[in-house]
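Observations on the three-dimensional arrangement
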Amino acid sequence: MDDPSTRDRVRALVREVLAKAIPEGAESNPAVSTPSTATRFINTVPDSTAQTNVTRDESSKSVITEDDVRGMEPGSVLRIAEEARLTPLAADIVSERHIEIVRRTSRRGSKASRLVAVGADHGGFQMKEQLKVLLVELGHRVHDFGTDSEATVDYPDFAHAVARSVAQGMSDVGIIIDGAGVGSAMTANKVPGVRAAACYSVAVARNSREHNDANVLTLGSKTISNGEMREIVSAWLGSEISEDRHRKRVAKIDAIQRQYQR
């Protein structure tokens with residue numbers, strides 16, 4: 001070891017080993033550290049910077065076309081205006097690439113006119129017709145996905161159509177009616193981006209909006225009357241999520257969903 005050349009080779013070897021073990025810049029950057037002990041818990045809340053990490057902002061446009069989204073990578077985040085509409089081709093690209101839609105919200109609250117997607121099976125058909133009357137009275141627009149009679153049909157078909165319209169940004173919110181409201185909620189919640197809530201009272205309807213930011217409401221025609229439907233829908237459309245503590249919890253819901261989309 002007294003040989004200078006041997007000492008130089010040893011020092012060079014030590015430097016090489018250290019260089020591989022320590023991340024570049026770690027010596028001068030205290031924020032860079034070695035990984036901590038692994039945990040079995042998954043942090044489902046994105047960092048605050050990630051929550052606002054919008055890939056593209058098209059919020060100045062009232063109509064989003066395929067040209068606006070064609071170049072976006074899968075999993076990107078697109079911000080659009082609150083009342084912006086997606087063309088069918090744009091909606092298909094958004095769905096295929098799992099592009100997240102973030103709407104720039106205004107402060108108009110419950111007075112804002114919305115495009116409401118509605119749907120029902122044969123058991124909810126009659127109540128759906130009454131619902132459409134109410135929505136027009138409240139100043140909203142209606143996109144009716146059926147069914148159009150009391151002939152027997154399958155509720156998942158109509159729940160899926162309404163949920164997809166909301167998830168793709170073609171409708172602002174959705175309301176689905178079947179016999180109990182449960183099956184339609186289960187179906188709608190299979191569509192990424194949808195938070196469907198089955199509500200049986202005004203209190204639950206308000207809670208689903210203020211605490212959970214539900215964007216689809218499901219109702220059971222055999223569990224509530226037309227009068228109760230009117231009260232529930234009016235309360236649901238008249239409520240908004242407003243507190244950051246609730247937004248944080250909804251962000252956890254969305255983050256869990258993204259884990260299973262990978």
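For clarity, every value in this text was computed on a predicted model and none was experimentally measured. (Residues numbered from 1 in each chain as written. Predicted model: local features only at pLDDT ≥ 70, side-chain atom pairs only at ≥ 80, totals over all residues. Heavy atoms only, no water.)

Now for the sheet that holds strand E9 (residues 196-198). Spatially, five strands are ordered E7-E6-E8-E10-E9 in an open sheet, and the strand pairing comes out parallel. Looking at the sheet topology across the chains shown, the edges are occupied by strand E7 (141-144) and E9. Across the sheet, the axes of successive neighbouring strands diverge by a mean angle of 25°, strand direction being ignored. Of the strand pairs in this sheet, strand E6 (residues 115-120) and E7 are connected by four bridges, and their pairing is parallel. Counted as the bridge partner of Leu115 is Arg141 from E7. Those strands touched by helix H6 (residues 155-167) are E6, strand E8 (173-178) and strand E10 (216-220), and its axis lies near 170° from that of E8. (Pairing = 2+ DSSP bridges. Helix = DSSP H or I, 4+ residues; strand = E, 2+ residues; numbered from the N terminus. Axes fitted to C-alpha atoms, helices over the stretch in contact; angles between N-to-C directions. Contact = heavy atoms within 4.5 Å.)

What follows covers the nonpolar core. Counting 22 residues, the largest nonpolar core has Ile175, Leu219 and Val233 as its most contacted members. Those elements that place two or more of their residues in this core are E6, helix H5 (125-137), E8, E10 and helix H9 (226-237). The element that contributes the greatest number of residues to this core is H9, accounting for five residues. Leaving out residues up to four positions away in the same chain, Ile175 has contacts with Val116, Ala117, Val118, Gly119, Leu131, Leu135, Val162, Leu217, Leu219, Val233 and Trp236. Counting residues in hydrophobic clusters, the runner-up holds 14 residues, among them Met72, Ala84, Leu86 and Ala90. (Core = buried A, V, L, I, M, F, W, Y, C linked by side-chain atoms within 4.5 Å. Buried < 20%, exposed > 50% of the residue type's maximum accessible area, 1.4 Å probe, protein only.)

Moving on to the packing of aromatic side chains. Counted under the stated rule, the structure contains zero aromatic pairs. Against the face of Trp236 rests Arg209, its NZ or CZ located 5.1 Å from the ring centre. (Phe/Tyr/Trp six-rings, centres within 6.5 Å; stacked < 30°, edge-to-face > 60°. Lys NZ or Arg CZ within 6 Å of the ring centre and 35° of its normal.)

Moving on: the pattern of salt bridges. One pass over the full model with this rule turns up 16 salt bridges. Two residues, Glu100 and Arg258, come together in a salt bridge whose shortest N-O distance is 3.6 Å. With a gap of 158 residues between them, Glu100 in strand E5 (residues 100-104) and Arg258 in helix H10 (residues 244-259) connect regions that are remote in the sequence. For Arg258, a relative accessible area of 29% puts it in the partly exposed group. A salt bridge links Glu243 to Arg245; the nearest nitrogen and oxygen atoms lie 2.5 Å apart. Judged by its relative accessible area of 35%, Glu243 is partly exposed. (Salt bridge = Lys/Arg side-chain N within 4 Å of Asp/Glu carboxyl O.)

Once that is clear, we can look at the packing of H5 against H9. Axis separation between H5 and H9 bottoms out at 10 Å; the angle between their running directions is 45°. Here H5 is positioned oblique relative to H9, judged by the angle of their axes. Between H5 and H9 the crossing geometry is right-handed. Judged by residue contacts, Met127, Gln130, Leu131, Leu134, Leu135 and Glu137 of H5 engage Asn226, Met229, Arg230, Val233, Ser234 and Leu237 from H9. By residue class, the composition of the contact of H5 with H9 is seven nonpolar, three polar and two charged. (Parallel < 35°, antiparallel > 145°, perpendicular 65-115°, else oblique. Left-handed = near helix turned anticlockwise from the far one by under 90°. Nonpolar A, V, L, I, M, F, W, Y, C, P; charged D, E, K, R; others polar.)

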